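# Examining the three-dimensional arrangement
Here are the chains, one letter per residue:
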Amino acid sequence: MKKGYSVFGKAYEVMFRSDLHDEDSIDHYILRNMILLDKDSKSFLYKKPRQISDDIKFHELYEFSKQFEGSDTLDTIKNISKLLYKIVEGFDVPFEDMIFGGKEKEIIKRGTDWCTDISRVGAALLQCLKIPSRIVVLVNNNVAYNGHQVVEAYIDGKYMMCDFLYGVVGKINTIYSVHDLLNKPELIKNVYQSHVKENSQLDYISGLYNLAAISEYDITKNYNYTISSPNEYYLRLMKLKLNGQWQMEEAN
């Protein structure tokens, strides 16, 4: 199985190694440990998850999470999705002034519209409610600088995609995992169109389901939660006029 920064090729490896989170943080841990989802890893990655440890009750979001319990697991996941989408929609801080990473409780307090931070919050809240979850990294390998993070939640014996940045869960008539969406791209727009109305944005999101890698994040373990500010790489990136090509020597 392919694992780590390089799973999507050299250019994306440079981009992920240049991620604006602190290099010793949980966020880089997730990238260093992501496993490419392909025919060799599919059976390993989609086996039944381990039971969440009872130590979850010591997590700082455990009591906070209880208010989102619904009538069933799907209802609970939708409640979490609504909370996180509200955080994203209400966030209005210039990129240059943003803070990244930190513990999930801190991210909730300060707000964010950064997919990696909001995904990690979602994964933590799910686990606090005894719903297994993990982080999924997506890229469009045909276009430069097109990456995204979502979450998969384990429900009714299957993993379901949860994109907390857009307030979307992978269910229409049945549950869809990231693997399902990679292999049935015609479903992607149907899943997202409840919250995303612009065709150009739907096309962009559909393109992200080109390649995926999965990283486990057990919130009962100890990690480094150092916060960070935008680094030079991302300050340059955010000023680029993106044309689908790598522009900072990533592919050299």
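Look above for the structure.
Residues numbered from 1 in each chain as written. Predicted model: local features only at pLDDT ≥ 70, side-chain atom pairs only at ≥ 80, totals over all residues. Heavy atoms only, no water.

## Remarks on the state of the cysteines
Joining two cysteines, a disulfide is a covalent bond between their sulfur atoms. As a reminder of what qualifies: What counts as a disulfide here is a pair of cysteine sulfur atoms lying within 2.5 Å. Accessible area is worked out with a 1.4 Å probe on protein chains only. A residue is then buried under 20% of its type maximum, exposed over 50%, and partly exposed in between.
Under the counting rule described, the total for this entry stands at 0 disulfides. Cysteine Cys 128 remains unbridged, with the sulfur of Cys 162 as its closest cysteine sulfur at 15 Å. Taking the relative accessible area as the measure of exposure, Cys 128 reaches 1% and is therefore buried. Cys 162 forms no disulfide, and the closest cysteine sulfur to it belongs to Cys 115, at a distance of 15 Å.

## Regarding the packing of helix 5 (residues 73-89) against helix 7 (residues 115-128)
Defined as follows: Only the contacting stretch of a helix is used when fitting its axis, a line to C-alpha atoms as for every element, and angles between N-to-C directions run 0 to 180 degrees. Under the DSSP-based scheme used, a helix requires at least four consecutive residues in state H or I and a strand at least two consecutive residues in state E, with every element numbered from the N terminus. In this scheme, roughly parallel covers angles under 35 degrees and roughly antiparallel covers those over 145, while 65 to 115 is roughly perpendicular and the rest are oblique. If you view the pair so one helix is near and one far, a crossing is left-handed when the near helix is turned anticlockwise from the far one by less than a right angle, and right-handed when it is turned clockwise. Residue contacts are defined here by distance: any two heavy atoms, one from each residue, within 4.5 Å place the two residues in contact. Note on residue classes: Ala, Val, Leu, Ile, Met, Phe, Trp, Tyr, Cys and Pro are nonpolar, Asp, Glu, Lys and Arg are charged, and everything else, Gly too, is polar.
Orientation of helix 5 relative to helix 7, taken along the N-to-C sense of each, is 150 degrees, at an axis distance of 10 Å. On the basis of their axis angle, the class for helix 5 and helix 7 is roughly antiparallel. Taken as a pair, helix 5 and helix 7 cross one another with a handedness that is right-handed. Residues Ile 77, Ile 80, Leu 83, Leu 84, Ile 87 and Val 88 of helix 5 form the contact with helix 7, whose participating residues are Ile 118, Val 121, Gly 122, Leu 125 and Leu 126. Of the residues contributing to the contact of helix 5 with helix 7, the split by class is 10 nonpolar, 1 polar and no charged.

## Structural notes on helix 10 (residues 199-208)
Among all positions in helix 10, only Leu 202, Ile 205, Ser 206, Gly 207 and Leu 208 are buried. Considering only its buried residues, helix 10 is in contact with strand 3 (133-139), strand 4 (147-155), helix 9 (188-192) and strand 7 (211-216).

## Brief notes about the environment of Lys 241
Within the secondary structure layout, Lys 241 lies in the segment after helix 11 (232-237). Its relative accessible area of 76% is what places Lys 241 among the exposed residues. With 55 residues separating them along the chain, Lys 241 and Glu 186 place their C-alpha atoms 29 Å apart.

## Things to note about the side chain of Arg 134
So the rule is basically this: Two N or O atoms form a polar contact when they lie within 3.5 Å of each other; inside protein one atom must be a possible hydrogen donor and the other a possible acceptor, and for residues adjacent in sequence the pair counts only when both atoms belong to side chains.
Take Arg 134: it is sitting in strand 3. A polar side-chain atom of Arg 134 sits 3.0 Å from the main-chain carbonyl oxygen of Leu 45. Here the side chain of Arg 134 touches Tyr 159 through a polar contact of 3.5 Å, side chain to side chain. Residues within four places of Arg 134 in sequence aside, it is in contact with Leu 45, Tyr 46, Val 150, Val 151, Glu 152, Tyr 159, Ile 214, Ser 215 and Glu 216.

## Focus: the pattern of salt bridges
Here is the rule: One side-chain nitrogen of Lys or Arg within 4 Å of one carboxyl oxygen of Asp or Glu is enough to make a salt bridge.
Applying the stated criterion across every chain yields a total of 11 salt bridges. A salt bridge links Lys 39 to Asp 40; its shortest N-O distance comes to 3.6 Å. Where Glu 216 meets Arg 134, a salt bridge forms, and the shortest distance between an N and an O atom there is 3.3 Å. Of this pair, Glu 216 sits in strand 7 while Arg 134 is found in strand 3, placing the two residues 82 residues apart along the sequence. Look at Glu 216 and you get partly exposed, because its relative accessible area is 44%. Take Arg 134: its relative accessible area is 0%, and that puts it in the buried class. A network of salt bridges, in which partner residues are shared, links Asp 27, Glu 104 and Arg 120.

## Comments concerning helix 1 (residues 10-17)
What counts, and what does not: Comment: arc refers to directions from the helix axis out to C-beta atoms.
Listing the buried residues of helix 1 in full gives Ala 11, Tyr 12, Met 15 and Phe 16. All buried residues of helix 1 lie within an arc of 130 degrees about the axis, which places them on one face of the element. Of the surrounding secondary structure, the elements contacted by the buried residues of helix 1 are helix 2 (26-32), strand 3, strand 4 and helix 11.

## Details of the nonpolar core
Spelled out, the test is: Nonpolar cores were defined as sets of buried Ala, Val, Leu, Ile, Met, Phe, Trp, Tyr and Cys residues, with membership established by side-chain atoms within 4.5 Å.
In this structure, Ile 77, Leu 84, Met 161, Val 178, Tyr 192 and Tyr 209 are the most contacted members of the largest nonpolar core, which totals 67 residues. If one sorts the elements of this core by residue count, helix 7 sits on top with 8 residues. Apart from residues lying up to four places away in sequence, Val 178 is in contact with Leu 37, Tyr 46, Val 136, Leu 138, Val 150, Glu 152, Met 161, Tyr 209 and Ala 212. If you look at the next biggest cluster of nonpolar residues, it comprises 24 residues, including Phe 100, Tyr 145, Ala 213 and Met 248.

## Looking at the packing of aromatic side chains
Spelled out, the test is: Ring pairs are drawn from Phe, Tyr and Trp, using the six-membered ring of Trp, whenever the two centres fall within 6.5 Å, and their geometry is named by plane angle: stacked under 30 degrees, edge-to-face over 60, tilted for the rest. Consider the ring centre and the ring normal. A charge sits over the ring if Lys NZ or Arg CZ is within 6 Å of that centre and within 35 degrees of that normal.
Under the defined criterion, the tally for this structure stands at 17 aromatic pairs. Considering the side-chain rings of Tyr 12 and Trp 246, the 4.8 Å spacing of their centres and the 85 degrees angle between planes classify their relative orientation as edge-to-face. Within this pair, whereas Tyr 12 is found in helix 1, its partner Trp 246 is found in the segment after helix 11, the two being separated by 234 residues in sequence. The class for Tyr 12 is buried, based on a relative accessible area of 2%. Ring pairs connect the aromatic residues Phe 8, Tyr 12, Phe 16, Tyr 145 and Trp 246, which therefore count as one cluster. Arg 134 extends its terminal NZ or CZ atom over the ring of Tyr 46, reaching a point 5.0 Å from the ring centre. The ring centre of Tyr 159 lies 3.6 Å from the NZ or CZ of Arg 134, which sits over that ring.

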